[in-house]
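Read off the chains here:
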Amino acid sequence: MATATALPAEVTNGPAGVDARPYTHDWYHALRERLGESACRQLCIYAMPDDLLLSVVVPVYNEEATLRQLVDRVRAVPIRKEIILVDDCSHDDSREIMRIIEAECATDDLNQITLAYHEKNQGKGAALRTGFQKASGTVLVIQDADLEYNPSEYPRLLQPIVEGKADVVYGSRFLGDQPHRVLYFWHYLGNQFLTLLSNCFTNLNLTDMETCYKVFRRDALADVTPTLKQNRFGFEPEITAKVARRRLRIFELSVSYSGRTYDEGKHIGWKDGFQALWCIVRYAFGD
């Protein structure tokens, strides 16, 4: 399935003579008339509900180099969103950039900015809990503040939820034919091992438990959020175990990935791998 950036201008901008924003009913019906139902499904062309609001939860920690570009990419996705930026006590200019972005988006009809701050560094999991509590959207997606994941793929990830097939969608870096930057072998092996072990305890068949891109229906996440405890990267196996135990409908789709090196600001380390091991076992048997 093509990503949004690969679609022709007629698809991303709407066909000539149709004054409609992408993913609205008018836009979808006009393209379906020209392309047919089968082609529309292959190109991820569909209509989103008028009342859909996507909450994009972005944990921020010392991301001044990429934060503005990341938010610009999120804003460019032509669906209605609230972008929740949670600063986890950054020591650079991330907070100032967040405030500037908030002011710039004051008149943006498609993008509402919400800011939150931690006065003490707590970790990604804690920042996500703060973001979840502030979210008011019908669907939530987790977005890292770096440029490793491509927000233009939101419509593909949302489709199983919009069509009523899924409660949760994981975007896998290791499934399908999306572009994937080649980096560390031992990181890849560690991800595969943690995913395998998680699958053993959850009885899921995920290919990428540690992925950033996790999308939730709001009502499906509501029962899970109050039970979340992990402050750092243990969030990933914790949330996976808890959605599995609640027998939520989980889909997995391929996503592109442009990973960064440690010199470029990657945060996760070997200690987080051992924490993930403990969390996989700990949350397999209860909240």
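Given the structure is predicted, the values throughout are model-derived calculations rather than measurements.

**A few points about a nonpolar patch on the surface**
There is a patch of nonpolar side chains on the surface, built from Phe185, Trp186, Tyr188 and Leu189 and spanning about 480 Å² of accessible area. Along the chain, the position of tyrosine 188 falls in helix α8 (residues 185–202). Taking relative accessible area as the criterion, tyrosine 188 reaches 39% and is therefore assigned partly exposed.

**Here's the deal with the nonpolar core**
Judged by nonpolar contacts, the single largest core of 72 residues is most densely connected at Leu54, Leu67, Leu85, Phe132 and Ile239. When residues in this core are grouped by element, the largest group, 5 residues, is from strand β1 (residues 54–60). Those residues in contact with leucine 85 that sit more than four places away from it in its chain are Val58, Leu67, Val71, Met98, Ile113, Thr114, Leu115 and Ala116.

**With respect to the sheet that holds strand β6 (residues 214–217)**
Across the sheet, 7 strands lie side by side as β3-β2-β1-β4-β6-β5-β7; this open sheet has mixed pairing. Two strands close off the open sheet at either side, each with one partner strand: β3 (111–118) and β7 (250–254). Going from strand to strand, the sheet's axes swing by 20° on average, the running direction of each strand aside. The pairing of strand β5 (residues 168–172) with β6 spans 3 bridges and is classified as antiparallel. Opposite tyrosine 170, over in β6, you have lysine 214 as the bridge partner. Along the sheet, helix α10 (residues 235–245) contacts β4 (139–142), β5, β6 and β7; its crossing angle with β6, the most-contacted strand, is approximately 40°.

What counts, and where the lines are drawn
- Here the residue index of a chain counts from 1 through its sequence in written order.
- Local features in a predicted model are, by the rule used here, given only for residues with pLDDT of at least 70; side-chain atom pairs are given and counted only at 80 or more, and totals for whole chains, interfaces and linings are based on all residues.
- Hydrogens and water are ignored here; the side-chain numbers use all heavy atoms of the structure.
- Patch criteria: residues need more than 30% relative accessible area and no salt bridge. Like-charged residues are merged within 9 Å; nonpolar side chains of Val, Leu, Ile, Met, Phe, Trp and Tyr are merged within 5 Å.
- In this description, accessible areas are obtained by the Shrake-Rupley approach with a 1.4 Å probe, and a residue is regarded as covered only by the protein chains that are shown.
- By definition, a salt bridge exists where a carboxyl oxygen of Asp or Glu is found within 4 Å of a side-chain nitrogen of Lys or Arg.
- Elements are defined by DSSP. Helices are runs of H or I of four residues or more, strands are runs of E of two residues or more, and each kind is numbered from the N terminus.
- Relative accessibility thresholds used throughout: buried, under 20% of the residue-type maximum; exposed, over 50%; partly exposed, between the two (1.4 Å probe, protein chains only).
- Here the nonpolar core consists of buried residues drawn from Ala, Val, Leu, Ile, Met, Phe, Trp, Tyr and Cys, with membership extended through side-chain atoms lying within 4.5 Å.
- Between two residues, a contact is recorded if the distance between any of their heavy atoms is within 4.5 Å.
- In short, DSSP must find at least two bridges between two strands for them to pair.
- Lines fitted to C-alpha atoms define the axes, with helix axes restricted to the stretch in contact, and inter-axis angles between N-to-C directions lie between 0 and 180 degrees.

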